[in-house]
Amino acid sequence: MNLIKAFRNKSLIQLSGLISGFVLIILFAWIILPASAAGIEVNREISAGTVNPGESFAVTVHIITEQDIEALTLDENLPEGWQVSQWENNGAVFQKTSTFKASTLEWIWVENFSAGEEKTVVYNVTVPSNFEPGNFTLSGRISAYSVSATPVEGFSEIVVISPPEANFSAIPLLGPAPLIVQFTDLSTFNPDSWEWDFDGNGNIDSNERNPVYTYESPGVYTVILKATNSTYGNSTYGNSTRTKVGYITVTEKSSGSGENVGNEESSGGNRGGNSGGGGGGAGSPESTGNVDLKEISNEQVFKGIHTCFTFKGEANEIVTVEFDPKKNFGKTTAIVEILKNTSSIVKEPAPGTVYRNVNIWIGNNGFSSQENFENASINFRVSRVWITEQGGSKDTVALYRYSEEVWNSLPTTFSREDEVYFYFTAETPGFSPFAISSMKINTKSIEFLQTKNEENKGNNKSNLSEGKKQENITNVNLELNKENDEEKKRCSEPCCFLDCYRISDFVCNIE
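Residues numbered from 1 in each chain as written. Predicted model: local features only at pLDDT ≥ 70, side-chain atom pairs only at ≥ 80, totals over all residues. Heavy atoms only, no water.

Chemist: Quick one: what's the story with the pattern of salt bridges, residue by residue and with numbers?
Modeler: Any two side chains of opposite charge can pair, so long as their charged atoms come close to each other. As enumerated under the stated definition, the model contains ten salt bridges in all. A salt bridge links Arg381 to Glu317, with the shortest nitrogen-to-oxygen separation between them at 3.0 Å. Pair noted here: Arg381 is in strand 26 (residues 373–383) and Glu317 is in the loop between strand 22 (307–310) and strand 23 (318–325), with a separation of 64 residues, a long-range link. A salt bridge links Arg384 to Glu417; the shortest N-O distance between them is 2.5 Å. In this pair, Arg384 is assigned in helix 2 (residues 384–389) and Glu417 in strand 29 (residues 412–417), connecting sequence segments 33 residues apart. With a relative accessible area of 26%, Arg384 lands in the partly exposed category. Salt bridges here are not isolated pairs; linked through shared partners, they connect Glu111, Glu117 and Lys119. (Salt bridge = Lys/Arg side-chain N within 4 Å of Asp/Glu carboxyl O. Helix = DSSP H or I, 4+ residues; strand = E, 2+ residues; numbered from the N terminus. Buried < 20%, exposed > 50% of the residue type's maximum accessible area, 1.4 Å probe, protein only.)

Okay, structure coming up:
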């Protein structure tokens, strides 16, 4: 009996020791090992899940603790290059950590947190304007002293999009009715649907990408294109609209101009004549393949008001075209065509070394008449480098006009200069093909005849009397005067401008 009681007491002692040991292990683990992160709740909110490059969005991080915590730290990771500004740190010290990753943001609270305390961090993120579209993730973690790190929950996905940017071109931009126009979509960032309004009345005229439209009636038309990328649905991010006011000009059909006036496919014809007529849209008979650049300018033309058409193309050497109208023409179009080679509607190249071949058309076929305007001038420029390479100077530059099947030099004056160009102004009686040209000066010495016995005179100079010497000098002067009179007469001939330049009252430089 005593033996059984002793055995039971021993078993109880062993069980009590086992329980005590287990409690000690748990207590030791609670003291030595980090506390569970289950005592901290952290959640992220994002103000916008979809943004464009260059746009910003707000990030809000809520932190709630269920236990006393020391040295609470919040780390947020963003895509490289995204910029951050703080709105609310809620007592934290903010620093940008560069030890491991430049895009890691860190908030540290120095004071201790009490159980049940809440903190909120708000910061603003700006996506770089040149950032490529795509899906991106914000990641983060929360940690503290004796608390293992745990991920930030909540929203983390950001979609950076680049919606289409609508743009288009058309050809031709003006001409008589009915005018057939080819439109070309130039929108960026891959639109997959298009809505065209060719007359600006709010109605959709076509859903094709590159449509052709016929304008039946004269008028000035506004064109609107809406380009959409369906990837982004019907949101404002997914579409873009481009409006070009007064983009297409359709004129009345002219009996003398033919069906293709104003159409860039047309060719032939002589626009340099002096027939009567009015303003409106200018057409070009130049071959399309020979046009390197075309620029159009529109102005209102009224009698007594000085008119100036301005051209701003970087590769356009024509700066302005000006005149004083004698009649009212209303809205009038001027076209400058910079050509690749000599105009296809002239018979031969312009004289000299040509810098640019140019066509200038104002109004319709009959506009280029002195009955319609006066005091017309063309302001143009020439590269300083080109003049130097040709061995010329600004004094050798002239503007030539092709009229009545010949090239005629126009009165050209130098006006100003900058680091790149010399600028000139030329007076013109009309508008047609032109050429900016340089007549390089080649100086040739002119030998004048001496007396037939000059050589003998030199040998016998000592034997000549003073009277004889004077007679010989007089004879030489007479012959020189005769030669100079011939050169003066030659320089006064109309064609002399093309092959010589006067260097004195009596002497020419002959090309």
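Chemist: Run through the sheet that holds strand 2 (residues 50–51), naming residues and quoting values.
Modeler: On the basis of which strands lie adjacent, the open sheet formed by three strands has the order 2-13-9 and mixed pairing. A strand with exactly one partner marks an edge of an open sheet, and here the two such strands are strand 2 and strand 9 (134–137). In terms of strand pairing, strand 9 meets strand 13 (residues 157–160) through four bridges, oriented antiparallel. When the sheet's bridge partners are listed, Thr137 is paired in strand 13 with Glu157. (Pairing = 2+ DSSP bridges.)

Chemist: Which residues make up the environment of Tyr355, and what values do they have?
Modeler: Along the chain, Tyr355 falls in strand 25 (residues 353–362). On a C-alpha basis, the gap between Tyr355 and Glu317 in space is 9.8 Å, while along the polypeptide they are 38 residues apart. In contact with Tyr355, not counting residues within four places along its chain, are Glu317, Arg381, Val382, Ser383, Trp386, Tyr421, Ile436 and Ser437. Here Ser383 takes part through its backbone nitrogen, which lies 3.1 Å from a polar atom of the side chain of Tyr355. (Contact = heavy atoms within 4.5 Å. Polar contact = N/O pair within 3.5 Å; in protein donor to acceptor, adjacent residues only side chain to side chain.)

Chemist: Mind laying out the nonpolar core, listing which residues take part and the relevant values?
Modeler: Ile318, Phe323, Ile360, Ile362, Phe380 and Val382 are the most contacted members of the largest nonpolar core, which has 33 residues in total. Going through the elements one at a time, strand 23, strand 24 (330–339), strand 25, strand 26, helix 2, strand 27 (397–403), strand 30 (421–427) and strand 31 (433–438) are the ones with two or more residues in this core. Residues contacting Phe323, with those up to four places away along its chain left out, are Val301, His306, Thr307, Phe309, Ile362, Phe367, Phe373, Glu374, Asn375, Ala376 and Phe431. (Core = buried A, V, L, I, M, F, W, Y, C linked by side-chain atoms within 4.5 Å.)

Chemist: Tell me what's going on with unusual backbone geometry, and back it up with residues and numbers.
Modeler: Following Ile171, the chain continues into Pro172 via a peptide bond in cis, with omega recorded as -5 degrees. Note that Pro172 resides in the loop between strand 14 (168–171) and strand 15 (174–176). Look at the link from Ala177 to Pro178: it is a cis peptide, with omega at -5 degrees. By secondary structure assignment, the location of Pro178 is in the loop between strand 15 and strand 16 (179–185). At Ala71, a position not held by glycine, the phi torsion is positive, near 55 degrees. For Ala71, the location among the structural elements is in strand 4 (residues 70–77). By relative accessible area, Ala71 is classed as partly exposed at 37%. In this structure, Glu404 is a non-glycine residue whose phi angle is positive, near 55 degrees. Mapped onto the elements, Glu404 comes out in the loop between strand 27 and strand 28 (406–409). Of the residues examined, Glu404 reaches a relative accessible area of 67% and is grouped as exposed.

Shape is all these values report; function is a separate question.
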